[in-house]
Amino acid sequence: MVKVGKKIVKFRVLILILGFLLLIPSALGYFKTRVNYDILYYLPDNIDTMKGQDILMNDFGKGAFALEVVEGMSTKEVTDVKKKIEKVDGVADVIWYDSLADLSIPINALPNKIKDVFQKDDATLMAIFFNDTTSADATMDAITQIRKVTNKQCYLSSMSSVVTDIKAISEKETPMYVLIAAVLTSIVLALCTNCWILPIFFMLSIGMAIMYNMGTNYFLGEISYITKALSAVLQLGVTMDYSIFLWHSYQENQERFPNDKERAMAHAISNTFSSVLGSSVTTVAGFIALCFMSFTLGKDLGIVMAKGVVLGVIGCVTILPSFILIFDKQIEKTSHRSLIPKMEKTSHFVINHYKTFVVVFLVLLIPAIWGYTKAEVYYNLDATLPKYLDSIKSNEKLSKTFDMNATHMVLADADLPAKEAKEMLNEMSDVKGVKFALGLDSLLGAAVPRDIVPSELTDKLKQGDWQLILIQSEYKAATNEVNKQCTELNKIIKKHDRSAMLIGEAPCTKDLITITDKDFKVVSAISIIAIFIIIAFVFKSVSLPVILVAVIEFAIFINLGIPYFTGTKMPFIASIVIGTIQLGATVDYAILMTTRYKKERCKGKVKKEAIYIALSSSISSVIVSGLGFFAATFGVGLYSDIDMISALCSLMARGAIISMITVIFILPSALMVFDKLICATTKEMNLKKIEAKKNASANA
């Protein structure tokens, strides 16, 4: 690898030129990559709720669904609003009172159940169907246009409205995420390294790798807004370690080759690549584990981040060395003494009191696991969005005025006998929390003769092999009440029609709860097993993987257990991705320290001395890495108005600090306790052979 390092050093100017040129296609790819703002889109295709969505699109030409609350308008004014909405590109159908009967017929002539759907005091309600899916560009454009053509007396409530608002916030905030992370991380690095401007080159090289990663997302077709928002910040936090390793190695090699910086850098590149290969592979494995989720948002984030780590390693050993050598004079002029003090006293304290830290570990383990298993999560995607958003105001207006929240849809057999269909509608209407169940057969009662039902309404509710039934619930999506309601509704529709499907936000969210609960167990198991195998291979040990993974898992238990004791609910995705990210990203700290411990032990150092050297030599790097990861995520957590982004970043920031403390205090203590076991179960650490080799060398 030294030869490769020499080539990189020799062609450093060309590498930088090429690196900057590659930013052009990367930028084009970045802007051309579509972003998906609908979390429910990532549910598996083979479940009824998603199959039903496809049928709704293919047979009815309808995708998204919305409810428009109109206040304080006359019948004529509401009619004008409806006509304006119908003319908006992307709107498929609008169902209102005049869809059921001619406006000359008073609304009071309709059955009370139907009348109450469309009228409440001075407010009226209309249902809007869109040509495309919830998060399709055409639907979001239609939402924006509807808001423009209607006035402040109109409130558009739907998942598509929420998604449109999330898009607006995300597009505004995402550039700030990167800026905040870069500035705060640069401050940490400037203070903790020995050069004021060095962080600029760290940020430039990592930033270029981030752009390559974001640009190559074009080949994935589209990415989630969560992936877009988090990937840059995560890549910065995770791959910054590699830049720190390179810089420290370069400084060490300058002492070996004091008058030859190019040679020192070539060896630094070789050493860094060898050092970060094992740690980067564990990080990649952690992200790849996310790809095994049935909820494919994990695959989306996992692929992008695994790719980002690989590009980060490549950038670290090519672009960063080029920057450092080209700007060597400027770096030397701005050098200073690191503000991190020498940690010999801390290292001695940890080693001398290792039994105390083992006791601390055992005492904290039980409440940590308890909190970890009992912490609550939320699935309601709009519950924590800012109250000033139009979609949130509209949802509250719908709930307050009409006592409505979630909207379900049933796709039933078009040839279902009228008697059977009416029985099904009546049974669904009687389910607790159901405001109404509206279908063709609910309109054909004694009060509304069959011949006055307009054919255009029939066409809206019946297409091909399917008929559409609308169900309005008093309950909000993702609540226990609505989940129970969906279960009861499913039983009813399956009793009358085995092929019928219940679809909509609430049924999808219910599926999301079931699927992600299973995903959590699968991803955790795969990430632990994968990282265990990699560590076992790297260290050629049976015991070290157990110790290292146990230490980091302990830190994860504490991090994800804290919300239980503080009474805080986490976004559902946190319980899945945080553990994997924290394990994959912060196990680097443990690998760094353990590598040095094994090296010193193999040299014949006694247990206590070897662990002291390992801790004292790596503690500064662990602190810088931990604080850097903290800085990259903490600021974003404070800034973001999207709670899912804010909560994930806050958890990662806290996790970085907890992992850093755990590696500094708990890992050395574990090495002290299990030293004999480690030596007995690790290749090249046979104490008798090491002692014999040491004696033979001394006698010679």
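Shown above is the structure to which this text applies.
Basis of the calculations
- Residues numbered from 1 in each chain as written.
- Predicted model: local features only at pLDDT ≥ 70, side-chain atom pairs only at ≥ 80, totals over all residues.
- Heavy atoms only, no water.
- Helix = DSSP H or I, 4+ residues; strand = E, 2+ residues; numbered from the N terminus.
- Buried < 20%, exposed > 50% of the residue type's maximum accessible area, 1.4 Å probe, protein only.
- Contact = heavy atoms within 4.5 Å.
- Areas by Shrake-Rupley, 256 points an atom, 1.4 Å probe, with all protein chains shown as cover.
- Core = buried A, V, L, I, M, F, W, Y, C linked by side-chain atoms within 4.5 Å.
- Arc of directions from axis to C-beta.
- Phe/Tyr/Trp six-rings, centres within 6.5 Å; stacked < 30°, edge-to-face > 60°.
- Pairing = 2+ DSSP bridges.
- Expected span 1.5 Å × (residues − 1).
- Bend = angle between axes of the 7 residues up to and from the residue.
- Axes fitted to C-alpha atoms, helices over the stretch in contact; angles between N-to-C directions.
- Parallel < 35°, antiparallel > 145°, perpendicular 65-115°, else oblique.
- Left-handed = near helix turned anticlockwise from the far one by under 90°.
- Nonpolar A, V, L, I, M, F, W, Y, C, P; charged D, E, K, R; others polar.

### Looking at the overall build of the chain
Turning to step 1, where the next piece is worked out: Check the secondary structure of the chain and you find 28 helices and 14 strands.
Turning to step 2, where the next piece is worked out: For the chain, the spread of C-alpha atoms along the principal axes amounts to about 110 × 50 × 40 Å.
Turning to step 3, where the next piece is worked out: Put simply, the chain has 700 residues, and 56% of those count as buried.
Turning to step 4, where the next piece is worked out: Long-range pairs, those at least 24 residues apart, make up 81% of the contacts in the chain between residues at least 6 apart in sequence.
Turning to step 5, where the next piece is worked out: Surface exposure of the chain reaches about 29700 Å², of which carbon and sulfur atoms provide 60%.

### Structural notes on the nonpolar core
Turning to step 1, where the next piece is worked out: Phe295 and Leu648 are the most contacted members of the largest nonpolar core, which totals 164 residues.
Turning to step 2, where the next piece is worked out: Once you skip the residues sitting within four places of it in the chain, Phe295 turns out to touch Ile39, Tyr42, Leu43, Leu512, Ile515, Thr516, Asp519, Phe572 and Ile573.
Turning to step 3, where the next piece is worked out: Counting residues in each nonpolar core, the second largest holds 47 residues, with Val88, Val94, Leu440 and Leu468 among its members.

### Considerations on unusual backbone geometry
Turning to step 1, where the next piece is worked out: Residue Ala478 is not a glycine yet carries a positive backbone phi of 75°.
Turning to step 2, where the next piece is worked out: On the secondary structure map, Ala478 appears in the loop between strand 12 (466-473) and helix 21 (480-496).
Turning to step 3, where the next piece is worked out: Ala478 gets classed as buried once you look at its relative accessible area, which sits at 19%.

### A closer look at helix 1 (residues 2-10)
Turning to step 1, where the next piece is worked out: Within helix 1, burial applies to Gly5, Ile8 and Val9. Buried residues of helix 1 fall within an arc of 100° about the axis and therefore sit on the same side. Turned more than 90 degrees away from the buried face of helix 1, the exposed residues are Lys3, Lys7 and Lys10.
Turning to step 2, where the next piece is worked out: In this structure, the buried side of helix 1 is in contact with helix 2 (12-21), helix 12 (261-289) and helix 13 (297-326).

### Topic: the packing of aromatic side chains
Turning to step 1, where the next piece is worked out: The tally for this structure, following the rule as stated, stands at 20 aromatic pairs.
Turning to step 2, where the next piece is worked out: With a centroid separation of 6.1 Å and 75° between ring planes, the pair formed by Phe349 and Phe357 is classed as edge-to-face.
Turning to step 3, where the next piece is worked out: In this structure Phe349 comes out as partly exposed when scored by relative accessible area, which is 43%.
Turning to step 4, where the next piece is worked out: Take Phe357: its relative accessible area is 13%, and that puts it in the buried class.
Turning to step 5, where the next piece is worked out: Here the aromatic rings of Phe361 and Phe554 are separated by 4.7 Å at their centres, their planes lie at 55°, and the arrangement is tilted. Residue Phe361 is found in helix 16 (residues 354-374), and its partner Phe554 is found in helix 23 (residues 543-566); the two are separated by 193 residues along the sequence.

### Side note on the pairing of strand 2 (residues 65-71)
Turning to step 1, where the next piece is worked out: Of all seven residues in strand 2, six are buried, a share of seventy percent or more.
Turning to step 2, where the next piece is worked out: Sheet topology places strand 2 next to strand 5 (residues 123-130); seven bridges connect them, and they run antiparallel. In the sheet register, Ala66 faces strand 5, and the bridge partner there is Ile128.
Turning to step 3, where the next piece is worked out: In terms of strand pairing, strand 2 meets strand 6 (residues 154-157) through four bridges, oriented antiparallel. The partner of Val69 across the bridge, within strand 6, is Tyr155.

### Brief notes about the environment of Leu440
Turning to step 1, where the next piece is worked out: Relative to the assigned elements, Leu440 resides in helix 19 (residues 440-443).
Turning to step 2, where the next piece is worked out: A relative accessible area of 13% places Leu440 in the buried class.
Turning to step 3, where the next piece is worked out: With 171 residues separating them in the primary sequence, Leu440 and Ile269 have C-alpha atoms 72 Å apart.

### Describing helix 24 (residues 574-602)
Turning to step 1, where the next piece is worked out: The end-to-end C-alpha distance of helix 24, which contains 29 residues, comes to 41 Å, matching closely the 42 Å that a straight helix rising 1.5 Å per residue would cover.
Turning to step 2, where the next piece is worked out: In helix 24, a bend of some 30° at Thr586 exceeds every other bend along the element.
Turning to step 3, where the next piece is worked out: Within helix 24, 24 of the 29 residues are buried, which leaves the element mostly enclosed by the surrounding structure.
Turning to step 4, where the next piece is worked out: Downstream of helix 24 by one or two residues, Gly604 has phi in the positive range, about 105°.

### A short note on the packing of helix 10 (residues 198-216) against helix 13
Turning to step 1, where the next piece is worked out: Interaxial distance between helix 10 and helix 13 falls to 8 Å at its minimum, and their mutual angle equals 140°. Judged on the interaxial angle alone, helix 13 and helix 10 are oblique. The two elements helix 10 and helix 13 meet at a crossing, and its hand is right-handed. Of the residues in helix 13, those in contact with Leu198, Phe201, Phe202, Leu204, Ser205, Met208, Ala209, Tyr212, Asn213 and Thr216 of helix 10 are Val304, Lys307, Gly308, Leu311, Gly312, Ile319, Leu320, Phe323 and Ile324.
Turning to step 2, where the next piece is worked out: Split by residue class, the contact of helix 10 with helix 13 holds 13 nonpolar, five polar and one charged.

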